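Topology and contacts: notes
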Protein chains: 2
Amino acid sequence: MAQRLIVIGGDAAGMSAASQARRRRDRNDLEIVVFERGHFTSYSACGIPYWISGLVSGPDELITRDPETFRTKYAMDVRMRHEVTAIDLDRREVVARDLERGGEVRERFDDLVYAAGAVPVKPPWADTDANGVFGMQTLDDGAALRDWLEAEPQPHRAVVVGGGYIGVEIAEALIQRGLSVTLVEAGSQPMATVDGDMAELVADAMRGLGIKIRTDLPVTGLEQRDGRVSAVVTAEGPIPTDVVVLGLGVRPNTALAEAAGFPLGPTGGIRVDRRMRVAELPGVWAAGDCVETLHRVSGMPVHVPLGTHANKQGRAAGINIGGGYATFTGVIGTAVTKVCDLEVGRTGLREREATRAGFDFISVVAESTNRAGYYPGARPMTVKLIAERPSGRLLGAQIVGLSEAAKRIDTLAVALWNGMTVDDMTSLDLGYAPPYAPVWDPVLVAARKAVDALAALDR
Amino acid sequence: MAQRLIVIGGDAAGMSAASQARRRRDRNDLEIVVFERGHFTSYSACGIPYWISGLVSGPDELITRDPETFRTKYAMDVRMRHEVTAIDLDRREVVARDLERGGEVRERFDDLVYAAGAVPVKPPWADTDANGVFGMQTLDDGAALRDWLEAEPQPHRAVVVGGGYIGVEIAEALIQRGLSVTLVEAGSQPMATVDGDMAELVADAMRGLGIKIRTDLPVTGLEQRDGRVSAVVTAEGPIPTDVVVLGLGVRPNTALAEAAGFPLGPTGGIRVDRRMRVAELPGVWAAGDCVETLHRVSGMPVHVPLGTHANKQGRAAGINIGGGYATFTGVIGTAVTKVCDLEVGRTGLREREATRAGFDFISVVAESTNRAGYYPGARPMTVKLIAERPSGRLLGAQIVGLSEAAKRIDTLAVALWNGMTVDDMTSLDLGYAPPYAPVWDPVLVAARKAVDALAALDR
């Protein structure tokens, strides 16, 4: 009799796991059942802001593979709109509710992949019966916001609460749709995923686009009129609005896992080993936005909900379930984003993170250009490096530029992954031609500056 | 009394060395004399094709620093249009001729930097008294070609001999100026700096632009009429033309060094150690296109004339002369170029080079896109990886794509520099966001494919 794999969550991590397991074990060897609460499988949540802005026509374009493809091509039993309500580890069963037709099913498993993703952080004040307040995490969230923006009476003013990646991207999407947009941030600046000096460049670009930014201003409540949201409440008074989008980040979706006795780590994510096995629970795997992982630079557990990690983690779990050997060995915090005209990239630790992790370090900021200065399209680029002292080991890097900037972070990410020192980095053989780089690539200019800064401290 | 540094050659390597030495030792400690044969210092030879095409207005834009800047800001005695004719190592003197005013000078040195660059490969048939035949190595060459293209009678047909980087770039520049262009290549294809399968993509793009490509066709002579070149002669008959540009590569300019007893290596370049000291000659340094260097993957000496290496080598020599410690530890063969609409990048060894160096290897070619498939501006990209068997160590990589492709080679170059295996590489934490990459970056897609290819051989 075939063994049975149950997957909870049909997005990036879950479907990667299921696909890799199927690739190595056919339907006679392994039955695969997937429960997905929503309406979609395997889609790009990162693409939602571009669907809101109209740059992408979506939502179909955002879907990598639909349920029918998994059913027919991968021989999986994909049950949409089914919410798993309990995991019984003793009987090796899950209980799922059919959200459309009602009723419950119990299904046994030999292997279980828990890939329930994340849930948006929702402060108490956001619990409202007023219409016009949206999270921004799933394709269903995106569809709801689009409907609201297009229905009568059309909203003219928007408030985005929270200045992380999603908040900033949604703020830009809304202003591109012609709304008047205010971004409200409880901390000292939006885009705190990079250091203050770099984030200031981003804030400037946002203001240049017409986005109003209010910082150090926690939202404490909502006002409504006729069942529609009409303002967010702050210590500096209400900010009138026709729509509120919450961009306050997400936390691991672990309610079900916790109830079943899965171990959680200090970040609130599920603890897994490098093969994506849930600690102490044989045959139980977890992957994606619900798990915590190792930060390879700080050595500390972190929760980094990002599609690229979810895919790699799911793939590793699936290969292992399929009888192969694969590991996910941690992250170094690489991220890129596009804000207005700016490209922003980061990897490794920010200054604050480096301090918290106990490093002694220097940091340098180097100005350069994406192309040879004389080549058409040459634009400024700022590269910041953080290096351990006195070893010179690269700890982190940030880039803000106007063109061909963000993905240069990958060069720095691979250097950091390999534990290179800034001195080693000055020797790197990087591609040079006038359309692509000055003769000293911005990465090398920054590395040289870091070497000089370390040497100056030695003297 | 101040010591004295003489620099032969006032371009990238020579002026980097001089500048770094000056940075660490002031004029009272070190006198610096630079002899430069030509009219320009520190310019971007790589920019010449874009000056020919008109994309860059040049030549001033191509000059990083002019002689006057070095004289006034760096306190150097820069003697333009002075050709060094002899090096006397016993007396520690050089002899230089003033090409403008005539006459010779003898100058003593304590330290000598030999940075005479490279000379174009010029076959016997190219020795002609006909006008209209141009090398393409110095700014003076570029100026001469531009004058010829603009003078009456205006040339309408051009033949470029040789399909390396310069040949291909000049062919494109000439067709952009409206000439009818034929590229004649003795080998089986142009752009042989990448493997045949990748080079074919480049040849297709060139043909699409209207460039005629003739391969396996050595040029054997030139025809002339009224003192002007009128055709190149080949085994398949003459190819009529109004201008001929030679793009047959360069070789180290070592005549003077050889006469003085400098040791040359198997590539014909000067042998230097990692501090850029000429072997066995105390106080004598060499850097730039005249030296050979170590290929870190093959372990063999290579001659790679490229501004980025010249700058790094010159900088290392100058720091050492200045009393510091700096090394140039070799190259891995990274190069990028823009051909028509295509971006081309390479690093490490091509298949042929890997075979010659004695590696057993596999290679894979993976198709992907620069951005998320649904994001506007997503274009195809081809990544080829060559990996050692059975270790999986990356040996080389090539990229051809339409947008945001070439500089992705840097990510692979840093992986290769650090000796990563393709299996390690599948874990890399690279930047992901829809405007910049699919959720599996093309680099990761290719690494996964290489892992699969290696595994298939194990079975």
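What you are looking at is a predicted structure, and each value in this text was computed from that prediction instead of being measured. (Residues numbered from 1 in each chain as written. Chains lettered and ligands numbered in written order. Predicted model: local features only at pLDDT ≥ 70, side-chain atom pairs only at ≥ 80, totals over all residues. Heavy atoms only, no water.)

1. Description of the relation of the copies chain A and chain B
Least-squares fitting of chain A to chain B yields an RMSD of 0.0 Å, with the transformation described by 0.0 Å of translation along the axis and a rotation of 180°. On the angle and the small slide along the axis, the relation comes out as a two-fold axis. Relative to the rotation axis, the closest C-alpha in chain A is found at Thr 411 of chain A, a distance of 2.3 Å. When the interface residues of chain A are mapped onto chain B, 100% of them are again interface residues, pointing to one common binding face. (Least-squares fit on C-alpha atoms with pLDDT ≥ 70 in both. Contact = heavy atoms within 4.5 Å.)

2. Focus on the sheet that holds strand β2 (residues 30-36) of chain A
All names here are of chain A. Taken together, five strands build an open sheet; the order of strands is β3-β2-β1-β7-β18 and the sheet is parallel. Edge positions in the open sheet fall to β3 (77-80) and β18 (284-286), since each of these has one partner strand only. Ignoring strand direction, the axes of neighbouring strands in this sheet form an average angle of 15°. Looking at chain direction, β2 and β3 are connected through four bridges and run parallel. The partner of Glu 36 across the bridge, within β3, is Met 80. Against the sheet, helix α1 (residues 12-24) engages β1 (3-8), β2, β3 and β7 (111-114), with an angle of about 170° to β2. (Pairing = 2+ DSSP bridges. Helix = DSSP H or I, 4+ residues; strand = E, 2+ residues; numbered from the N terminus. Axes fitted to C-alpha atoms, helices over the stretch in contact; angles between N-to-C directions.)

3. Describing the domain arrangement of chain A
Residues and elements named next belong to chain A. On domain assignment, one finds that chain A holds domain 1 (3-46 + 54-118 + 251-321), domain 2 (122-248) and domain 3 (336-458). On a C-alpha basis, the centres of domain 1 and domain 3 stand 36 Å from each other. Carbon and sulfur atoms make up 73% of the area that domain 1 and domain 3 hide from each other, which totals about 520 Å². Counting the contacts that link domain 1 with domain 3 gives zero salt bridges. Counted by class, the side of domain 1 that touches domain 3 contains two nonpolar, two polar and one charged residues. (Domains from an automatic or database assignment. Buried area = accessible area lost by both parts, 1.4 Å probe. Salt bridge = Lys/Arg side-chain N within 4 Å of Asp/Glu carboxyl O. Nonpolar A, V, L, I, M, F, W, Y, C, P; charged D, E, K, R; others polar.)

4. Quick word on the pairing of strand β16 (residues 243-246) of chain A
Looking down a regular strand, the side chains alternate between one sheet face and the other. Residues and elements named next belong to chain A. Judged by which residues are buried, β16 turns out to be covered on both faces: Val 243 and Val 245 on one side and Val 244 and Leu 246 on the other are all buried. Where strand β10 (residues 157-161) and β16 come together, four bridges link them in parallel fashion. The residue of β16 that forms the bridge with Val 161 is Leu 246. (Buried < 20%, exposed > 50% of the residue type's maximum accessible area, 1.4 Å probe, protein only.)

5. Overview of the UniProt feature "domain: FAD/NAD(P)-binding" (unreviewed entry) in chain A
Per the UniProt entry, the sites bearing "domain: FAD/NAD(P)-binding" (unreviewed entry) are residues 4-298 of chain A in this numbering. This span, residues 4-298 of chain A, is 23% helix and 29% strand, and a straight line between its end C-alpha atoms measures 38 Å. (UniProt positions renumbered as here; feature names shortened; annotations may be inferred.)

6. Observations concerning the interface of chain A and chain B
Counting from both sides, the interface comprises 59 residues of chain A and, opposite them, 59 residues of chain B. Summed over both partners, the interface of chain A with chain B buries about 5,300 Å², with 60% contributed by carbon and sulfur atoms. Contact with chain B buries area across many residues of chain A, yet Tyr 374, Asp 429 and Tyr 436 of chain A alone supply 16% of it, more than any other trio. Along the contact surface separating chain A from chain B lie four salt bridges. Between Asp 452 of chain B and Arg 23 of chain A there is a salt bridge, and its shortest N-O distance comes to 3.0 Å. At the surface where chain A touches chain B, the tally comes to 26 residue pairs in polar contact (both at pLDDT 80 or more). Those elements that provide at least two residues to the side of chain A that touches chain B are α1, α8 (307-321), β21 (335-339), β22 (342-348), α10 (409-417) and α12 (442-458) of chain A. (Polar contact = N/O pair within 3.5 Å; in protein donor to acceptor, adjacent residues only side chain to side chain.)

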